[in-house]
Amino acid sequence: MARYELVKRSVALITLTNPPVNALSSAVRHAMAKSMEQALNDPKVTAVVICGENGRFCGGADIREFAGPLRGPPLVPLLDAIEAGEKPVVAAIEGVALGGGFELALVCHYCIAHFKARLGLPEVTLGILPAAGGTQRLPRLIGIPAALELITTGRHISAQEALKLGIVDQVTEQNACEVAVEFALRAVAKPLSSRRVSMLTTPCPPDLDALLEVVTMEVKKKARGVMAPLACIQAVRAAATMPYSKGIKRESELMATLFNSGQARALQYCFFAQRTAGKWTLPSGAQWNNSKPREIRSAAIIGLGTMGRGIVVSLARVGISVIAVESEKKLLETGKQMVIGMLERDAKRRGVSASLNLLKFTLSLQDLKDVDLVIEAVFEDMALKKRVFQELSKVCRPATLLCTNTSGLDVDALAGVTDRPHLVVGMHFFSPAHVMKLLEVVCGPRSSSETIATAMSLGKRMGKVSVAVGNCPGFVGNRMLKPYMDQATFLLEEGATPEQIDKALEDFGFAMGVFRMSDLAGLDVGWRIRKESGLTGPDVDPKNPPRRRHGRRYCPIPDMVCEQGRFGQKTGRGWYMYDKPGGTNAKPDPLIQNLLEMYRSRYAIQPRNISDQEIIERCLFALANEGFRILEDGIAARPEDIDVIYLFGYGFPRHRGGPMFYASMVGLERVLERLEHYHQAHPDVPHLEPSPLLKKLVACGSPSVQTWREHIKTMHSHL
Ligand SMILES: CC(C)(COP(=O)(O)OP(=O)(O)OC[C@H]1O[C@@H](n2cnc3c(N)ncnc32)[C@H](O)[C@@H]1OP(=O)(O)O)[C@@H](O)C(=O)NCCC(=O)NCCSC(=O)/C=C/CCCCCCCCCCCCC(=O)O
């Protein structure tokens, strides 16, 4: 857990050895304490260097240990002892120094960092604060404003930035450990008092209160209802106003308010869920660690609409040659100009040169014969997509992978029109595709493990969080969206307003409520899909009762809004009104209010007062209920996958963990009881009927979300 060696006859080299990130587990802390004691007591040792094995200094505290009772030597006294020691201690930072790893570096008297190293205090993203002295030492070292920014955002910084801020003493392109040993030898006998950061006085700005106020407002605006950043601000205030001995106590008190909180549990769950999601597995036994992806050097995108353009940018910026295809010259030219603009802006922001030389634009599918992979991103029309896939089948070499960016159509039906169904897979990007981090990789029943591995690995290469899902209408994300949005519109019928529903969801933590989000996405898309599926428009049998379709409750209000040409932000009117087409400042619209009143009076609906609690329960429990059905159907392999999809694709608040984790935090019994209650009140809404899996889990004593998988016995997995 920590290796102790004597090098250059007088330097104790302590290497943390806890792969993969040398986290400060209880065993590591124990070994470190022992090694430090040995070094300080050995008269041969004149200086100490601390480094991490395998080119990684330290990824911080072992987050897995937070779930159980804390054991082993506590970190704060250990770090205080290192700082107080009479022999110079030098940190040799390679790879990462994060969280407790950064705090360890802060107590070392000197720091050498490799030029590729990254440092940061990401505790806030885990719902806690840097409670091993980080909130007290960093402000003393770099001042309040810079420390506040790093601690409240959890941002990682480069070695160069750390040097500028005065956190590290030297940045090297050589082996940081060897440089640190030489540095340590030169530091012997130099006075250490000014190197003990806890002894420094925090440089305090004259307008401390005003500064803290501004940061508090910013934090509250950015992350509504999130506790950890606010506690971080209070801890930093203590560094400015108290001596270290008192400040560290305050830090610990504040940590105690966060450590066992639901938010901390949710955020730590998200950390591991994100990593679990990449570990796909098929019933055949093929999985992420035994299936080799193909190398993708060239790709083609069919369709240069919003999605196609974003996908081209995502591919080109990771060095893949892209051929972009459109059907008409004008569309091709417009798409080309937009892609170039997007790539140039992106490159400028990242301080690199735009990879325009990787792009080719064409009107001819014949140009695609040699590419490694094609992503179809044409209009959401099955007949059109089938024609494209038939054509691709003829044109592309037999080994080319054929992918579709459909947001919900049958991937296997597309595979069926090709000569290579095993090489067909869905790659469902989210709009805007070059910004959104989520990729649903839709595995058809005939997709080969190599095809899935390639799509997953390509997603990772593009910086996406890729989740493998099964093939069903809407896959995971969009399938779950329907019951969520249905509940929102049913609540409108019953007496709520769009702004009331949005406010309840935004207070819950969503960046945008369902109606503001729909206005942003465009209301016409859903309207077209409803028309195509016979739910509205001329194909509906006039004898059909207006508020029922296929024997279920149906709310025609969204259709009525679209019939008035209100398609959302782009038309300046939707569920809200905007200053102009394309405007973003949503204001409640009296015309929508009128529409709702007329609608209710036409159908003799007596509006009632609807509480925020009912809004949250009906929208979010219906959402989670569909998640349980998705698990039952084998469309998602685990609840973590569903949660990751909602976190990265639909703006679900991270501090709530995702819909499935949220349901487990509320208590499955309670979710079941509320769904039963609402289903009794609305028996014509099947989405409110509790799913068999939810009932089963409750009957099994509501096990933790991480163990649901053991209770899911699918007849056949779609993955
Ligand atoms: C950048 C990374 C380090 C590496 O990224 P990458 O190379 O892409 O690899 P990953 O896939 O992310 O990770 C590889 C595997 O390693 C696992 N991992 C990573 N980091 C950790 C970790 N810190 N702990 C455990 N496991 C970790 C990861 O899960 C992968 O494994 P698997 O695939 O899932 O199996 C990147 O990993 C990264 O960013 N890591 C996280 C870094 C981080 O956030 N560090 C901060 C941790 S928190 C911390 O350090 C806190 C310090 C203060 C501690 C003080 C504790 C005192 C407790 C006091 C409590 C008082 C309250 C008492 C209340 C009361 O009872 O009253």
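Residues numbered from 1 in each chain as written. Predicted model: local features only at pLDDT ≥ 70, side-chain atom pairs only at ≥ 80, totals over all residues. Heavy atoms only, no water.

Student: Residue-level account of the overall build of the chain, with values.
Tutor: Tallying secondary structure elements over the chain gives 27 helices and 19 strands in all. What you see for the chain is a C-alpha radius of gyration of 28 Å, in line with the 27 Å of a compact globule of 719 residues. Along the three orthogonal principal directions, the C-alpha set of the chain runs to about 95 × 60 × 50 Å. Taken across its 719 residues, the chain has 56% of its residues classed as buried. Put simply, of all contacts in the chain between residues at least 6 apart along the chain, 72% involve residues at least 24 apart. Roughly 30700 Å² of accessible area belongs to the chain as shown, and the carbon and sulfur atoms make up 55% of that amount. Counting 88 positive and 74 negative side-chain charges, the chain places the centres of these two groups 2 Å from one another. (Helix = DSSP H or I, 4+ residues; strand = E, 2+ residues; numbered from the N terminus. Rg over C-alpha atoms; globule rule 2.2 N^0.38 Å. Buried < 20%, exposed > 50% of the residue type's maximum accessible area, 1.4 Å probe, protein only. Contact = heavy atoms within 4.5 Å. Areas by Shrake-Rupley, 256 points an atom, 1.4 Å probe, with all protein chains shown as cover. Lys, Arg positive; Asp, Glu negative; His and termini not counted. Charge placed at Lys NZ, Arg CZ, Asp CG, Glu CD.)

Student: Describe the packing of aromatic side chains, listing the residues and the values that go with them.
Tutor: As enumerated under the stated definition, the model contains 15 aromatic pairs in all. Residues Tyr269 and Phe661 carry aromatic rings whose centres are separated by 4.4 Å and whose planes lie at 25° to one another, so their mutual orientation is stacked. With Tyr269 in helix H11 (residues 262–277) and Phe661 in helix H25 (residues 659–666), the pair connects residues that are 392 residues apart, well separated along the chain. An identical accessibility class is assigned to Tyr269 and Phe661; each is buried. On the numbers, 5.8 Å between centres and 80° between planes, the contact of Phe508 with Phe652 is edge-to-face. One end of the pair, Phe508, is in helix H18 (residues 498–508); the other, Phe652, is in the loop between helix H24 (639–649) and H25, and 144 residues separate them in sequence. Of the residues examined, Phe508 reaches a relative accessible area of 4% and is grouped as buried. Among the aromatic residues, ring-to-ring pairing joins Tyr484, Phe508, Phe510, Phe652 and Tyr662 into one connected group. Lys531 extends its terminal NZ or CZ atom over the ring of Trp527, reaching a point 3.6 Å from the ring centre. (Phe/Tyr/Trp six-rings, centres within 6.5 Å; stacked < 30°, edge-to-face > 60°. Lys NZ or Arg CZ within 6 Å of the ring centre and 35° of its normal.)

Student: An account of the sheet that holds strand S6 (residues 110–114) is needed here, citing residue identities and associated values.
Tutor: A sheet is described by the order of its strands in space; here six strands give the open sequence S1-S2-S3-S4-S6-S9, paired in mixed fashion. Where the open sheet ends on each side, the last strands, each with one partner, are strand S1 (2–7) and strand S9 (170–172). Neighbouring strand axes in the sheet, compared pairwise and without regard to direction, differ in orientation by 20° on average. Here six bridges tie S1 to strand S2 (residues 11–16), and the two strands are oriented antiparallel to one another. Bridge assignment links Leu6 to a residue of S2, and that residue is Ala12. (Pairing = 2+ DSSP bridges. Axes fitted to C-alpha atoms, helices over the stretch in contact; angles between N-to-C directions.)

Student: Explain the pattern of salt bridges to me, using residue names and the numbers behind them.
Tutor: Counting across every chain of the model gives 49 salt bridges. Among the ionic pairs, Glu626 bridges to Arg629, the shortest N-O distance being 3.9 Å. Here Glu626 pairs with Arg629, and both are found in helix H23 (residues 612–632), just three residues apart, close to one helical turn. Just as Glu626 is buried, Arg629 falls in that class too. (Salt bridge = Lys/Arg side-chain N within 4 Å of Asp/Glu carboxyl O.)

Student: So what's going on with the UniProt feature "domain: 3-hydroxyacyl-CoA dehydrogenase C-terminal" (unreviewed entry) in the chain? Which residues, and what values?
Tutor: Taken from the UniProt record, the annotation "domain: 3-hydroxyacyl-CoA dehydrogenase C-terminal" (unreviewed entry) applies to residues 474–578 and 615–706. Its end C-alpha atoms 30 Å apart, residues 474–578 is made of 51% helix and 4% strand. Taken end to end, residues 615–706 is 64% helix and 0% strand, and its first and last C-alpha atoms sit 27 Å apart. (UniProt positions renumbered as here; feature names shortened; annotations may be inferred.)

Student: Hey, could you go over the sheet that holds strand S5 (residues 96–98) for me, with residue numbers and the actual values?
Tutor: Judged by pairing direction, the sheet is mixed, and its three strands sit side by side in the order S5-S7-S8 without closing on themselves. Here the strands that pair on one side only, and so sit at the sheet edges, are S5 and strand S8 (157–158). Across three bridges, the pairing between S5 and strand S7 (residues 118–120) is parallel. The residue of S7 that forms the bridge with Leu98 is Gly120. Lying on the sheet, helix H3 (residues 100–107) is in contact with S5 and S7; it crosses S5 at an angle near 95°.

Student: I'd like a rundown of helix H17 (residues 477–494), residues and numbers included.
Tutor: With 18 residues, H17 should cover 26 Å at 1.5 Å per step; its first-to-last C-alpha distance of 26 Å lies within 8% of that length. Of all 18 residues that make up H17, 15 are buried, and the element is covered over most of its length. Once H17 ends, the next one or two residues include Gly495, with phi positive near 140°. (Expected span 1.5 Å × (residues − 1).)

Student: Tell me about the packing of helix H4 (residues 134–142) against helix H5 (residues 144–153), and name the residues and values.
Tutor: At a minimum axis separation of 7 Å, H4 and H5 run at an interaxial angle of 140°. In terms of axis orientation, H4 runs oblique to H5. Once H4 is placed against H5, the crossing between them reads as right-handed. Residues Gly134, Thr135, Leu138, Pro139 and Ile142 of H4 form the contact with H5, whose own contacting residues are Ile144, Ala146, Ala147, Leu150 and Ile151. In terms of residue class, the contact of H4 with H5 is made up of eight nonpolar, two polar and no charged. (Parallel < 35°, antiparallel > 145°, perpendicular 65-115°, else oblique. Left-handed = near helix turned anticlockwise from the far one by under 90°. Nonpolar A, V, L, I, M, F, W, Y, C, P; charged D, E, K, R; others polar.)

Student: Can you explain the pairing of strand S17 (residues 465–470)? Please cite residues and give values.
Tutor: Most of S17 sits out of view: six of its six residues are buried. The alternating pattern of S17 places Val465, Val467 and Val469 and Ser466, Ala468 and Gly470 on opposite faces, both of which are buried. In terms of strand pairing, strand S16 (residues 438–443) meets S17 through six bridges, oriented parallel. If you follow Leu438 over to S17, its bridge partner there is Val465.

Student: Could you give an account of the domain arrangement of the chain, naming the residues involved and the relevant values?
Tutor: Domain annotation of the chain identifies domain 1 (2–259), domain 2 (298–473), domain 3 (496–501 + 513–602) and domain 4 (612–711). In this structure, domain 2 and domain 3 have C-alpha centres spaced 31 Å apart. (Domains from an automatic or database assignment.)

Student: Describe unusual backbone geometry, and please don't skip the residues or the numbers.
Tutor: In this structure, Pro20 follows Pro19 across a cis peptide bond, with omega equal to 5°. The residue Pro20 is located in the loop between S2 and helix H1 (26–41) in this model. Residue Ser431 is joined to Pro432 through a cis peptide bond whose omega torsion reads -5°. Within the element layout of this structure, Pro432 appears in the loop between strand S15 (424–429) and S16. Even without a glycine there, the phi angle at Arg9 is positive, about 65°. Summarising the element assignment, Arg9 is placed in the loop between S1 and S2. The residue Ala189 is not glycine, and still its phi comes out positive at about 75°. Among the structural elements, Ala189 can be located in the loop between helix H7 (176–187) and helix H8 (208–222). Here Ala189 falls in the exposed class, since its relative accessible area comes to 77%.

Student: An account of the environment of Ser327 is requested, with residue identities and associated values reported.
Tutor: Structurally, the position occupied by Ser327 is in the loop between strand S11 (321–325) and helix H13 (329–350). Linking Ser327 and Leu304, residues 23 residues apart in sequence, is a C-alpha distance of 9.2 Å. A polar atom in the side chain of Ser327 sits 3.4 Å from the side chain of Glu326. (Polar contact = N/O pair within 3.5 Å; in protein donor to acceptor, adjacent residues only side chain to side chain.)

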